[in-house]
Amino acid sequence: MILKSQVEWALHCCAILAGLPEGRYLSTKALAELHGLPKEYLSKALQSLSQASLVETTLGPSGGYRLARAPSAINFLDIVEAVEGKARSFTCTNIRANNPCRPEGYCDSKPCAVARIMWEADEAWRDTLRRVRLSDLVDSLSQEVPPDIWQSTFQWVLKRAG
C-alpha cells in the first residue's frame, strides 16, 4: 500500500499545530517553509484536514490553521482518512468467478479467502492508527528531537503564528 505524500505532510503539520498556544494560527506559507514543501500542494492537504473538521482556519494577516480539537482527541487514522478517504485499501473484483472449471451459475456463499485476509490486514493497520493519538506523537517527538532543535523550532513557529 502506498499512501499519498500528503498524508506525511498532514501528520507533520498537525504535530506542529498541536504546539500552538490557544487562539494562535499558523499560515500555509509558514508550514510549507518549515517542511520545505510547495505551498500550493500543501494547501490541498490542509484543506482536507479542514473539511474533516480536524483543523480550523481563519483569514486575514494573522490567519492560518490550528487544530480544531485537542491533540489527545485526534488519532492518526483521523488524519490519514481525511487525506486518503475511508475506502478499504483492497478492492475485491471476484476474479475467482472467471474460473472456467466452475459450473455455470455457481454462487459463492462468502467472500473469498484472499479478500477476507486483505480486509483483515486493512482493519489491523487502521486499528493501529486509531490507537495512536496526535498527543502521543508530540510526546515521542519531545523525547526524540534534540532539545535545542525542539526549542528553536517552537520559537520559529511562534514568531510566525498569528
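The protein has the name Rrf2 family protein in an unreviewed UniProt entry, where Rhizobium binae is given as its organism.

### Some points on the overall build of the protein
Along the protein, the regular secondary structure elements total seven helices and two strands. Each helix and strand of the protein, ordered N terminal to C terminal, gives the series α-α-α-β-β-α-α-α-α. Against the compact-globule benchmark of 15 Å for 162 residues, the protein has a radius of gyration of 21 Å, which places it well outside the compact range. Principal-axis analysis of the C-alpha atoms places the extent of the protein at approximately 70 × 35 × 25 Å. Within the span of the protein, comprising 162 residues, buried residues form 32% of the whole. Long-range contacts, defined here as pairs at least 24 residues apart, represent 69% of the contacts in the protein between residues at least 6 apart. Taken as two groups, the 19 positive and 18 negative side-chain charges of the protein have centres that lie 4 Å from each other.

### Considerations on the pairing of strand β2 (residues 64–67)
Side chains on a regular strand alternate between the two faces of the sheet. Relative to β2, strand β1 (residues 55–58) is paired through four bridges, and the arrangement is antiparallel. When the sheet's bridge partners are listed, glutamate 56 is paired in β2 with arginine 66. Counting the residues that bridge the hairpin from β1 to β2 gives five residues, and of these glycine 60 lies at a positive phi of roughly 105°.

### Comments concerning the packing of aromatic side chains
This model, assessed by the stated rule, comprises zero aromatic pairs. The ring of tyrosine 25 carries the charged tip of arginine 66 above its face, separated from the ring centre by 5.8 Å. Over the face of the ring belonging to tryptophan 119 we find arginine 88, whose NZ or CZ atom lies 4.1 Å from the ring centre.

### Regarding the pattern of salt bridges
In total, this model carries nine salt bridges according to the counting rule given. Here arginine 66 makes a salt bridge to glutamate 22, at a shortest N to O gap of 3.8 Å. Residue arginine 66 is found in strand β2, and its partner glutamate 22 is found in the loop between α1 (5–17) and α2 (28–35); the two are separated by 44 residues along the sequence. You can call arginine 66 buried: its relative accessible area is 9%. On the accessibility criterion, glutamate 22 (73% relative accessible area) is exposed. Across the pair arginine 130 and glutamate 123 runs a salt bridge whose closest N-O atoms are separated by 3.3 Å. Residue arginine 130 is classed as partly exposed on the basis of its relative accessible area, which comes to 32%.

### Topic: unusual backbone geometry
Unlike most non-glycine residues, serine 53 shows phi in positive territory, near 60°. Tracing the backbone through its elements, the reader meets serine 53 in the loop between α3 (39–51) and β1. The partly exposed category is assigned to serine 53, whose relative accessible area is 46%. Even without glycine at this site, asparagine 94 takes up a positive phi of about 55°. Of the residues examined, asparagine 94 reaches a relative accessible area of 33% and is grouped as partly exposed.

### Comments concerning the packing of helix α4 (residues 76–84) against helix α5 (residues 113–131)
Describing two packed helices takes the angle between their axes plus the distance from one axis to the other. Their axes nearest at 6 Å, the elements α4 and α5 cross at an angle of 120°. As summarised for this structure, α4 and α5 are arranged oblique, according to the angle between their axes. Between α4 and α5, the contacting residues are Phe76, Leu77, Val80 and Glu81 on the first element and Trp125, Arg126, Leu129 and Arg130 on the second. Classifying every residue of the contact of α4 with α5 by side-chain character gives five nonpolar, no polar and three charged.

Parameters at a glance
Residues numbered from 1 in each chain as written. Predicted model: local features only at pLDDT ≥ 70, side-chain atom pairs only at ≥ 80, totals over all residues. Heavy atoms only, no water. Helix = DSSP H or I, 4+ residues; strand = E, 2+ residues; numbered from the N terminus. Rg over C-alpha atoms; globule rule 2.2 N^0.38 Å. Buried < 20%, exposed > 50% of the residue type's maximum accessible area, 1.4 Å probe, protein only. Contact = heavy atoms within 4.5 Å. Lys, Arg positive; Asp, Glu negative; His and termini not counted. Charge placed at Lys NZ, Arg CZ, Asp CG, Glu CD. Pairing = 2+ DSSP bridges. Phe/Tyr/Trp six-rings, centres within 6.5 Å; stacked < 30°, edge-to-face > 60°. Lys NZ or Arg CZ within 6 Å of the ring centre and 35° of its normal. Salt bridge = Lys/Arg side-chain N within 4 Å of Asp/Glu carboxyl O. Axes fitted to C-alpha atoms, helices over the stretch in contact; angles between N-to-C directions. Parallel < 35°, antiparallel > 145°, perpendicular 65-115°, else oblique. Nonpolar A, V, L, I, M, F, W, Y, C, P; charged D, E, K, R; others polar.

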